[in-house]
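Structural overview for review
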Amino acid sequence: MSIQEQYRKKAAELLSSGDVKLVIGYGAGTNPDRRRPLFIRSAEAASNLLIDADCDANLSGYLVNEGLLSDKKKVGIFLAPEGIRSVNILASESQLDPDQIVIFGFERDGRSIAALEGSNVRDYTDRIATLKSMPPDAEEQARIDMIENMSAEERFAFWQAEFSKCIKCYACRQVCPMCYCKRCIVDNNQPQWVHTSSHTLGNFEWNLVRAFHLSGRCVECGGCDRACPVNIPLRLINRKMAAEVLDAFDHFSGMSPDQETVLANFRKDDPETFIL
Ligand code: SF4
Ligand code: SF4
């Protein structure tokens, strides 16, 4: 049985039995190469689920939609390893109960796709641990080396040129499962911490604040990079910050739902007054 048939069957069974109230997966997109998030609430609708190498979006951000998990019922979700890491981070930051999440795990190898065994986030701990020592691919490493080999002035000029393209659309924030704050610092204008207009200072403020906010939390799913309409190489920043955090703290984000946070701590009773 193909992974698609297997996961359609599993989704239909879980929905019929009431073990999950919803399955978040992928469906057909606007063209043959694109997939869009699909929210399935009945066994009959499970036949619309697709799973293939074009399923590249990290769907975990939908789990923290307001009220989705408040009734304590379980939700199924299609996740690649980076998405499973996101669920671990959301759990460690008290944003969800990992036992409420039923995972339909999969991984890509080029254009092929395979199912991952397990359904609870803890079933994937060993698989995620193997990613910690996995080096970037050759193309990505070459781009990292290019940045590393620049002088400080050249690097500043490189990022200044890249950030000058930013139009402050915040697509990178919207797509990111780790950007779940109900109110973002950039949406606040009393006081205005980050300039909203697209000029050099404001663009540096936004992109650097975001890079530090994601340090030790980014799972390198590439969602922001794909979403950026002006092709700023956001993956490069995230990769570099992840490497720094690994080197300095031996911290690989999203290893388990009980992992300690590395640079910031979020509690259920955080009043969020820091951005008021
Ligand atoms: S910062 Fe980008 S790559 Fe990292 S988790 Fe968010 S969307 Fe994914
Ligand atoms: S998606 Fe790109 S253009 Fe939009 S705010 Fe983010 S970095 Fe700027």
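None of these values were measured; they are calculated from a predicted model.

**What about the overall build of the protein chain?**
- Along the backbone of the protein chain there are nine helices and five strands.
- Tracing the protein chain from N to C terminus, the helices and strands come up as α-β-β-β-α-β-β-α-α-α-α-α-α-α.
- Seen through its principal axes, the protein chain has C-alpha atoms that stretch 60 × 45 × 40 Å.
- Here the protein chain holds 276 residues, and the buried ones make up 30% of them.
- Excluding contacts between residues fewer than 6 apart, the proportion of contacts in the protein chain whose partners are at least 24 apart in sequence is 66%.

**Focus on the site of ligand 1**
- Around ligand 1 sit 14 residues in total, of which Cys176, Cys218, Cys221, Gly223 and Cys224 are the nearest.
- Residues that form the shell around ligand 1 fall into these classes: nine nonpolar, four polar and one charged.

**Quick word on helix H2 (residues 81-92)**
- The terminal C-alpha atoms of H2, which comprises twelve residues, lie 17 Å apart, in line with the 16 Å expected from a rise of 1.5 Å per residue.
- Burial analysis of H2 places twelve of its twelve residues in the buried class, the great majority of the element.
- Here H2 has its buried residues at Pro81, Glu82, Gly83, Ile84, Arg85, Ser86, Val87, Asn88, Ile89, Leu90, Ala91 and Ser92.
- Considering only its buried residues, H2 is in contact with strand E3 (75-79), strand E4 (101-109) and helix H3 (125-131).
- In the stretch just after H2, serine 94 is the one whose phi turns positive, near 60 degrees.

**Some points on the sheet that holds E3**
- Taken together, five strands build an open sheet; the order of strands is E2-E1-E3-E4-E5 and the sheet is mixed. Both outer strands of the open sheet, strand E2 (35-40) and strand E5 (112-115), are each paired with one neighbouring strand and no more. Going from strand to strand, the sheet's axes swing by 30 degrees on average, the running direction of each strand aside.
- Bridge analysis of E3 against E4 gives five bridges, and the strand direction is parallel. Pairing of glycine 76 across the sheet is with valine 102, part of E4.

**A short note on helix H5 (residues 152-163)**
- Here H5 contains twelve residues, and its C-alpha end-to-end distance of 16 Å stays within 8% of the 16 Å for a straight helix at 1.5 Å per residue.
- Little of H5 sits out of view: just one of its twelve residues are buried.

**What about the domain arrangement of the protein chain?**
- Assigned domains within the protein chain: domain 1 (3-131) and domain 2 (138-251).
- Once you take the C-alpha centre of each, domain 1 and domain 2 turn out to be 26 Å apart.
- Of the residues that constitute the side of domain 1 that touches domain 2, the class distribution is three nonpolar, six polar and two charged.

**Regarding the environment of methionine 178**
- With respect to the helices and strands, the residue methionine 178 is situated in the loop between helix H6 (171-175) and helix H7 (200-213).
- Looking at methionine 178, the number of C-beta atoms within 10 Å reads 25, which means it is buried.
- For methionine 178 and valine 209, which are 31 residues apart along the polypeptide, the C-alpha to C-alpha distance reads 14 Å.

**What about the pairing of E3?**
- In terms of burial, E3 is largely enclosed, as four of its five residues are buried.
- With three bridges joining them, strand E1 (residues 22-28) and E3 adopt parallel strand pairing. Bridge pairing in E3 links leucine 22 to valine 75.
- Note that the unit made of E3, H2 and E4 has a crossover that is right-handed.

**A word on the packing of helix H4 (residues 138-148) against helix H9 (residues 234-249)**
- Where H4 meets H9, the axes come as close as 11 Å, and the angle between the chain directions of the two elements is 80 degrees. In terms of orientation, H4 and H9 fall into the roughly perpendicular class. Listed contacts from H9 to Glu140, Arg143, Ile144 and Ile147 of H4 are Leu236, Arg239 and Lys240.

Quick notes on the rules
Residues numbered from 1 in each chain as written. Chains lettered and ligands numbered in written order. Predicted model: local features only at pLDDT ≥ 70, side-chain atom pairs only at ≥ 80, totals over all residues. Helix = DSSP H or I, 4+ residues; strand = E, 2+ residues; numbered from the N terminus. Buried ≥ 20, exposed ≤ 12 C-beta atoms within 10 Å, placed from the backbone. Contact = placed C-beta atoms within 7 Å. Near = placed C-beta within 6 Å. Nonpolar A, V, L, I, M, F, W, Y, C, P; charged D, E, K, R; others polar. Expected span 1.5 Å × (residues − 1). Pairing = 2+ DSSP bridges. Axes fitted to C-alpha atoms, helices over the stretch in contact; angles between N-to-C directions. Domains from an automatic or database assignment. Right-handed = clockwise from strand over helix to strand, strands pointing away. Parallel < 35°, antiparallel > 145°, perpendicular 65-115°, else oblique.

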